[in-house]
Amino acid sequence: MKSGQGRGGTAAPVQNALTRQVDALQQRQQGRQTEIQRQVDEGAARPRQMSLFPDDARAIPNYLARTPLFSPVRPGRRKRRENDLLASPKGFEIRFSGEQLDQSDCDVFMQLVHGARGWTLGEPIELNRADFLAQIGRADGGKNYEWLGSVFRRLNGARVHVESERYRVNMALVSKTMEDKQTGVVSVVLDPDIVKMFSGSEYSLVDWQKRKMLEKRVDLAKWLHNFTSSHEAGLQRWMISSLREWSGYASPLRKFREALTEALAELERVEILKGVAFYDRETKVRWTRV
């Protein structure tokens, strides 16, 4: 009996100590949850991982797809912008500072975002340079390595300020790039705030294989591909003058109409659009997004 009482007497303090440890742990967890909820309520907490987009598509924020941020720029004609207000449909405002960007820069940006799937934004994302070029449809080699480096510099120097009914975001498209020239590994850091433009219905998915099939009027065709992808599938109608303004096409309206005709024919060829038709004295155009 004495031995049994001894074992029972020892078990009770141990059990009490375990109970106190469990209670303390639960209190700490509850405290952390309360703090996280407080940060969420105050807007301080934010998601830091990009969505897992499909392998055969690339994502682009609607705010960027509907503006001349990535415009059809002629080689050697890039201009420096400083807090320029970009043309855009009603509902949001976007300002841009940096060297003018084109649709090749957009290819790189969309592939970087794709490579960021599942990574914690704000931390380095490691990419193989040769694989990256292949993924955007470019050959491996020194000239394209130099070109890719120039795109990284442009994206790193590009700052956008987006203001919509919900968000006000001010950020660099790419925060930092680091390249190991011996191994071909590139580390890229994306601003965590960029995830806000890839949430809910704020972004669109672009068919990547069809985009790489475009051969004529490529920059304008790619811009139109992004633009039409940022709207509901089916019939779409647009003023030609508005498309010229939103795309950032610098030539007169007559020349833009010619370029637009060729670019839309290219989008029909790869079955992105169908039923393209100009109407109302060729001031408007309609098509059906497949």
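Residues numbered from 1 in each chain as written. Predicted model: local features only at pLDDT ≥ 70, side-chain atom pairs only at ≥ 80, totals over all residues. Heavy atoms only, no water.

A. Inspection of helix α9 (residues 253-269) at higher detail. Between its terminal C-alpha atoms α9 stretches 24 Å, which fits the 24 Å expected from 17 residues at 1.5 Å a residue. Within α9, the full set of buried residues consists of F256, A259, L260, A263, L264, E266 and L267. The arc that holds every buried residue of α9, seen down its axis, measures 150°, which confines them to one face. Taken together, the buried residues of α9 touch α6 (208-213), α7 (218-229), α8 (240-247), β11 (273-279) and β12 (284-289). Phi turns positive, to about 65°, at E271, one or two residues after α9. (Helix = DSSP H or I, 4+ residues; strand = E, 2+ residues; numbered from the N terminus. Expected span 1.5 Å × (residues − 1). Buried < 20%, exposed > 50% of the residue type's maximum accessible area, 1.4 Å probe, protein only. Arc of directions from axis to C-beta. Contact = heavy atoms within 4.5 Å.)

B. Looking closely at the nonpolar core. Counting 49 residues, the largest nonpolar core has L69, F70, V108, L112, L155 and L173 as the members making the most contacts within it. With six residues, the top contributor of residues to this core is helix α3 (residues 103-115). Discounting residues that sit within four places of it in the chain, L173 has contacts with L64, L69, F70, L101, F109, L155, A158, V160, L190 and I194. (Core = buried A, V, L, I, M, F, W, Y, C linked by side-chain atoms within 4.5 Å.)

C. Inspection of α8 at higher detail. Along α8, the residues that are buried comprise I240, S242, L243, W246 and S247. Buried residues of α8, viewed axially, fall in a sector of 155°; they line one side. In this structure, the buried residues of α8 make contact with α7, β10 (234-239), α9, β11 and β12. At the C-terminal side of α8, G248 shows a positive phi close to 80°.

D. Highlighting the sheet that holds strand β4 (residues 125-128). Taken together, the three strands give an open sheet; going across it, the order is β4-β8-β7, and neighbouring strands pair in antiparallel fashion. The outermost strands of the open sheet, each flanked by one partner alone, are β4 and β7 (176-180). Averaged over all neighbouring strand pairs, the angle between strand axes comes to 20°, with direction disregarded. In terms of strand pairing, β7 meets strand β8 (residues 185-189) through five bridges, oriented antiparallel. Looking at β8, one finds that M178 is bridged to S187. (Pairing = 2+ DSSP bridges. Axes fitted to C-alpha atoms, helices over the stretch in contact; angles between N-to-C directions.)

E. Local environment of a positive patch on the surface. A surface patch of like charges, here positive, comprises R74, R77, K79 and K255. Assignment of secondary structure puts R77 in the loop between α2 (62-65) and β2 (80-85). (Patch = residues over 30% accessible without salt bridge, like charges linked within 9 Å, V, L, I, M, F, W, Y side chains within 5 Å. Areas by Shrake-Rupley, 256 points an atom, 1.4 Å probe, with all protein chains shown as cover. Salt bridge = Lys/Arg side-chain N within 4 Å of Asp/Glu carboxyl O. Lys, Arg positive; Asp, Glu negative; His and termini not counted. Charge placed at Lys NZ, Arg CZ, Asp CG, Glu CD.)

F. Representation of unusual backbone geometry in the model. Backbone geometry at N83 places phi at a positive 55°, although glycine is not the residue there. Mapping N83 onto the fold places it in strand β2. Using a relative accessible area of 42% as the deciding quantity, one classes N83 as partly exposed. A positive phi angle, near 50°, is found at D280, a position not held by glycine.

G. Inspection of the environment of N128 at higher detail. Considering the arrangement of structural elements, one finds N128 in strand β4. N128 sits 55 residues away from T183 along the chain, and the two C-alpha atoms are 8.3 Å apart. With residues near it in sequence (within four places) discarded, N128 still touches T183 and G184. Within polar-contact distance, the side chain of N128 engages the backbone nitrogen of A130 at 3.1 Å. (Polar contact = N/O pair within 3.5 Å; in protein donor to acceptor, adjacent residues only side chain to side chain.)

H. Looking closely at the environment of A259. Relative to the helices and strands, A259 resides in helix α9. Linking A259 and A221, residues 38 residues apart in sequence, is a C-alpha distance of 9.2 Å. If we ignore the near neighbours within four places in the chain, the residues touching A259 are R217, L220 and Y249.

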